[in-house]
Amino acid sequence: MFPLTEENKHVARLLLNTGTCPRCIFRFCGVDFHAPYKLPYKELLNELQKFLETEKDELILEVMNPPPKKIRLQELEDSIDNLSQNGEGRISVSQVGSTASKNSNLNVCNVCLGILQEFCEKDFIKKVCQKVEASGFEFTSLVFSVSFPPQLSVREHAAWLLVKQEMGKQSLSLGRDDIVQLKEAYKWITHPLFSEELGVPIDGKSLFEVSVVFAHPETVEDCHFLAAICPDCFKPAKNKQSVFTRMAVMKALNKIKEEDFLKQFPCPPNSPKAVCAVLEIECAHGAVFVAGRYNKYSRNLPQTPWIIDGERKLESSVEELISDHLLAVFKAESFNFSSSGREDVDVRTLGNGRPFAIELVNPHRVHFTSQEIKELQQKINNSSNKIQVRDLQLVTREAIGHMKEGEEEKTKTYSALIWTNKAIQKKDIEFLNDIKDLKIDQKTPLRVLHRRPLAVRARVIHSMETQYVDEHHFRLHLKTQAGTYIKEFVHGDFGRTKPNIGSLMNVTADILELDVESVDVDWPPALDD
């Protein structure tokens with residue numbers, strides 16, 4: 001059943017004869033069900049022509065100012081010229097309608113610039129799908145997004161004013177919201193075609209996105225008059241190549257007075273010579289996240305690459321020893337590493353390890369069985385004796401928040417080998433075992449002042465347990481609030497941490513070795529080996 005009614009005929013004929021395609025005519029007539037848009041273009045055009053030819057009465061239209069002298073339908077131009085010579089400001093649509101309609105399939109739509117013409121056809125969809133299949137991405141659903149030239153909004157505004165004026169003569173109204181959005185109509189047509197061609201559903205929540213960017217160089221200056229009338233709407237942005245973004249253009253169109261618009265832009269819009277060009281077809285996959293816990297057994301390995309003034313100090317890092325394997329297997333472009341705190345280059349991380357998460361950016365492979373993840377973990381562990389990984393698993397972005405919560409809120413357990421300048425006996429250190437929940441103030445350590453803001457942080461030493469070694473050495477086991485600087489708690493950092501082991505024992509103390517024994521964050525979930 002043809003979707004237009006008798007009351008749509010005046011508007012449909014007006015739009016068709018001024019160079020508008022059938023699908024845009026449907027949009028302006030408020031056709032909001034999908035089926036008519038999906039019909040092949042030629043079939044739509046024939047149906048529309050049949051529908052309009054049933055009207056025998058002559059329709060008289062007022063020509064809006066400025067006259068549409070640039071309309072590409074030659075017969076309409078001739079008619080306007082003849083009328084202009086006679087001093088008449090009216091067009092007889094019946095004189096040109098049938099001939100113009102027959103030639104409409106040769107014309108590029110003056111509103112959508114061909115978007116709802118050849119870019120809805122199966123040939124174009126197949127070209128896009130070929131690009132998708134050649135991209136090498138693994139996906140089970142997709143999001144399809146399109147970016148249209150901003151001047152389409154200007155042309156739609158002009159066509160809306162034309163139709164609104166014509167409907168006003170019949171005491172009818174047409175609001176901007178009554179027009180079906182171009183993107184909506186385009187998705188109604190193309191989504192089923194993409195889904196059929198690729199064999200996967202279109203899903204707005206999918207992490208795999210196929211985006212098509214259209215441009216139309218021929219009409220790029222359509223927007224420029226708006227900048228002179230509404231300069232406040234067009235402000236340069238660092239990440240935008242042009243001030244004429246769709247949002248800026250829409251803002252200006254909402255602001256501009258109708259009479260000012262009509263003075264500056266032809267209504268109806270001129271018909272272009274060519275359809276839009278496809279600037280790019282891009283495929284991208286949202287990031288996936290891998291988490292686990294790592295042990296670090298080396299006292300000469302930084303957590304992240306150690307680079308000072310552009311010069312690399314050590315050849316590897318915990319981050320790289322893990323991430324290099326993940327990058328290769330997930331076929332990702334890049335990664336971001338994060339963890340629940342960090343240890344210094346000379347500190348080992350023992351016990352059940354430190355929680356970490358890695359964001360893999362634009363991965364081409366994303367589906368793994370639990371067995372494949374186990375094998376990947378084993379591959380990482382076999383590649384180096386400096387680190388070991390456990391509980392490797394895929395996680396969500398939201399779940400990483402559990403790890404970050406633990407950075408400040410949870411407790412950590414350490415083992416430190418301490419030297420004293422004075423000779424000590426076992427009884428000299430036993431009092432430390434009785435100290436519970438010792439509150440200390442730590443001014444930002446000198447060694448991290450280049451990357452951390454200057455502040456005094458209150459921290460808690462929950463408990464200490466001593467183990468005598470010899471008259472100048474003892475081992476101290478500590479349970480502390482997360483975020484405590486252990487080295488500074490031992491030596492005092494020139495009085496920047498108070499109290500400290502040196503001040504408590506009335507000696508000069510220094511730390512020779514430090515191990516992280518446990519990071520009490522219950523994330524990620526432990527897995528069975």
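Criteria and cut-off values
Per chain, the residues get numbers from 1 upward, laid out in the order the sequence is written. Thresholds applied to this predicted model are a pLDDT of at least 70 for local features of residues and 80 or more for the giving and counting of side-chain atom pairs; totals over whole chains, interfaces and linings are not thresholded and use all residues. Side-chain numbers come from the whole structure's heavy atoms, not from hydrogens or water. UniProt positions are given in the numbering used here, feature names are shortened, and annotations may be inferred rather than shown by experiment. Numbering of helices and strands runs from the N terminus; a helix is a DSSP stretch of H or I covering at least four residues, while a strand is a stretch of E covering at least two. Contact criterion: two residues are considered in contact whenever any of their non-hydrogen atoms come within 4.5 Å of each other. All accessible-area figures derive from a Shrake-Rupley calculation using a 1.4 Å probe, and residue coverage is judged against the displayed protein chains alone. A 1.4 Å probe that fits into a set of points on a 1 Å grid over the protein atoms alone but cannot get out defines a cavity; an open set with protein on both sides within 12 Å along at least five of seven lines defines a pocket, and lining residues are those with an atom within 4 Å of a point. Grid points are joined across faces, edges and corners, and a volume is the space filled by probe spheres set on the points. Under the scheme applied here, ten amino acids are nonpolar (Ala, Val, Leu, Ile, Met, Phe, Trp, Tyr, Cys and Pro), four are charged (Asp, Glu, Lys and Arg), and all others, including Gly, are polar. Remark: nonpolar core denotes a set of buried residues (Ala, Val, Leu, Ile, Met, Phe, Trp, Tyr, Cys) joined through side-chain atoms within 4.5 Å. A 1.4 Å probe rolled over the protein chains alone gives each residue an accessible area, and that area as a share of the maximum for its type sets the label: buried under 20%, exposed over 50%, partly exposed in between. Inter-axis angles, ranging from 0 to 180 degrees, are taken between N-to-C directions of lines fitted to C-alpha atoms, where helices are fitted over the stretch in contact. Crossing chirality is assigned from the near helix's rotation relative to the far helix, an anticlockwise turn below a right angle marking it left-handed and a clockwise turn marking it right-handed. Each reported salt bridge corresponds to a side-chain nitrogen of Lys or Arg within 4 Å of a carboxyl oxygen of Asp or Glu. Side-chain rings of Phe, Tyr and Trp (the six-membered ring for Trp) are treated as a pair once their centres are within 6.5 Å; stacked means planes under 30 degrees apart, edge-to-face means over 60, and tilted covers the remaining angles. Any helix carries an expected span of 1.5 Å times its number of residues minus one. Only residues whose relative accessible area exceeds 30% and that take part in no salt bridge are eligible for patches, with like-charged residues grouped when within 9 Å of each other and nonpolar side chains (Val, Leu, Ile, Met, Phe, Trp, Tyr) grouped when within 5 Å. For this analysis, a polar contact is any N or O atom pair within 3.5 Å, provided that within protein one partner can donate a hydrogen and the other can accept it, and provided that sequence-adjacent residues contribute only side-chain to side-chain pairs. Angle categories are assigned with fixed cut-offs, so that under 35 degrees is roughly parallel, over 145 is roughly antiparallel, 65 to 115 is roughly perpendicular, and the rest are oblique.

- Per an unreviewed UniProt entry, the protein chain goes by tRNA pseudouridine synthase Pus10 and derives from Pan troglodytes.
- Annotation of the protein chain in UniProt includes, under Subunit (unreviewed entry), the sentence "Interacts with components of the microprocessor complex DROSHA and DGCR8."

1. Some details on the overall build of the protein chain
Part 1: Check the secondary structure of the protein chain and you find 17 helices and 17 strands.
Part 2: Within the protein chain, counting contacts between residues at least 6 apart in sequence, those at least 24 apart form 79% of the total.
Part 3: Carbon and sulfur atoms make up 48% of the accessible area of the protein chain, which amounts to about 26200 Å² in all.

2. Structural notes on the layout of surface pockets
Part 1: If you add up the space inside the largest pocket, you get close to 1100 Å³.
Part 2: Surrounding the largest pocket, 39 residues form its lining, Phe 148, Pro 149, Pro 150, Phe 244 and Arg 246 being those nearest its centre.
Part 3: A breakdown of the residues in the lining of the largest pocket according to their chemical character gives 21 nonpolar, 10 polar and eight charged.
Part 4: Empty space within the second largest pocket amounts to approximately 560 Å³.

3. Quick word on the nonpolar core
Part 1: If you look at the biggest cluster of nonpolar residues, it comprises 82 residues, and the most contacted ones within it are Leu 4, Ile 115, Leu 116, Tyr 186, Phe 214, Leu 226 and Phe 261.
Part 2: The biggest single contributor to this core is helix 8 (residues 151–169), with nine residues.
Part 3: Setting aside its immediate chain neighbours within four residues, Tyr 186 contacts Ile 115, Leu 116, Phe 119, Cys 120, Phe 124, Phe 144, Val 146, Phe 148 and Phe 214.
Part 4: Counting residues in hydrophobic clusters, the runner-up holds 36 residues, among them Ile 400, Val 490, Ile 511 and Val 516.

4. Brief notes about the packing of helix 1 (residues 9–17) against helix 8
Part 1: Contact geometry for helix 1 and helix 8: axes closest at 10 Å, N-to-C directions at 145°. When you trace helix 1 past helix 8, the crossing you get is right-handed. Seen from helix 1, the contacting residues are Val 11, Leu 14 and Leu 15; seen from helix 8, they are Leu 162, Val 163, Glu 166 and Met 167.

5. A word on the environment of Leu 16
Part 1: Following the sequence through the fold, Leu 16 ends up in helix 1.
Part 2: Among the residues examined, Leu 16 registers a relative accessible area of 1% and is labelled buried.
Part 3: In this structure, the C-alpha to C-alpha distance between Leu 16 and Gln 49, residues 33 residues apart in sequence, is 9.1 Å.

6. A short note on the pattern of salt bridges
Part 1: One pass over the structure, following the stated rule, counts 19 salt bridges.
Part 2: With its nearest N and O atoms 3.2 Å apart, the salt bridge here joins Glu 6 to Lys 9.
Part 3: Across the salt bridge formed by Lys 169 and Glu 166, the nearest N and O atoms sit 3.1 Å from each other. Of this pair, Lys 169 and Glu 166 both sit in helix 8, three residues apart, which is roughly one turn of the helix.

7. Structural notes on the packing of aromatic side chains
To describe a pair of aromatic rings, one takes the distance between the centres and the angle between the planes.
Part 1: Under the counting rule described, the total for this entry stands at 21 aromatic pairs.
Part 2: Relative to Phe 261, the ring of Phe 225 lies with its centre 5.6 Å away and its plane at 65°, an arrangement referred to as edge-to-face. With Phe 225 in helix 10 (residues 224–229) and Phe 261 in helix 12 (residues 258–264), this pair connects stretches of sequence that are 36 residues apart. Summarising the burial analysis for this pair, Phe 225 and Phe 261 share the class buried.
Part 3: Residues Phe 234 and Phe 244 carry aromatic rings whose centres are separated by 5.0 Å and whose planes lie at 50° to one another, so their mutual orientation is tilted. Note that Phe 234 is positioned in the loop between helix 10 and helix 11 (246–255) and Phe 244 in the loop between helix 10 and helix 11, a separation of 10 residues in sequence. Summarising the burial analysis for this pair, Phe 234 and Phe 244 share the class buried.

8. What about helix 8?
Part 1: Here helix 8 contains 19 residues, and its C-alpha end-to-end distance of 28 Å stays within 8% of the 27 Å for a straight helix at 1.5 Å per residue.
Part 2: Taken across its 19 residues, helix 8 has 15 buried, putting it largely inside the fold.
Part 3: Remark: Ser 171 follows helix 8 within two positions and exhibits a positive phi of approximately 60°.

9. Brief notes about a nonpolar patch on the surface
Part 1: Residues Leu 446, Leu 449, Leu 454 and Phe 494 make up a contiguous nonpolar surface patch of about 470 Å² in total accessible area.
Part 2: Counting through the fold element by element, Leu 454 comes out in the loop between strand 13 (436–443) and strand 14 (456–470).

10. Section: the side chain of Ser 317
Part 1: By secondary structure assignment, the location of Ser 317 is in the loop between strand 8 (311–312) and helix 13 (318–330).
Part 2: For Ser 317, the side chain forms a polar contact with the side chain of Glu 320, separated by 2.7 Å.
Part 3: When near neighbours in sequence (up to four residues on either side) are disregarded, Ser 317 contacts Leu 301, Pro 302, Gln 303, Thr 304, Pro 305 and Arg 312.

11. With respect to the packing of helix 13 against helix 14 (residues 370–383)
How two helices sit against one another is set out by the angle between their axes and by the gap between those axes.
Part 1: For the pair helix 13 and helix 14, the least separation of the axes is 10 Å and the interaxial angle reads 140°. Between helix 13 and helix 14, the angle falls in the class oblique. Note that helix 13 runs across helix 14; the crossing there is right-handed. Within the contact between the two elements, helix 13 uses Leu 321, Ile 322, His 325, Leu 326, Val 329 and Phe 330 and helix 14 uses Leu 376, Lys 379, Ile 380 and Ser 383.
Part 2: Its residues assigned to classes, the contact of helix 13 with helix 14 comprises seven nonpolar, two polar and one charged.

12. Regarding unusual backbone geometry
Part 1: Here the residue pair Cys 267 and Pro 268 is connected by a cis peptide bond, since its omega of 10° sits within 30 degrees of zero.
Part 2: Examined against the element boundaries, Pro 268 turns out to sit in the loop between helix 12 and strand 5 (277–285).
Part 3: Residue Pro 499 is reached from Lys 498 by a cis peptide bond, and omega for that bond is -15°.
Part 4: At Leu 113, a residue that is not glycine, the phi angle is positive and equals roughly 55°.
Part 5: For Leu 113, a relative accessible area of 0% puts it in the buried group.
Part 6: Unusually for a residue other than glycine, Phe 494 sits at a positive phi of about 60°.
Part 7: With respect to the secondary-structure elements, Phe 494 resides in the loop between helix 16 (486–491) and strand 16 (497–498).

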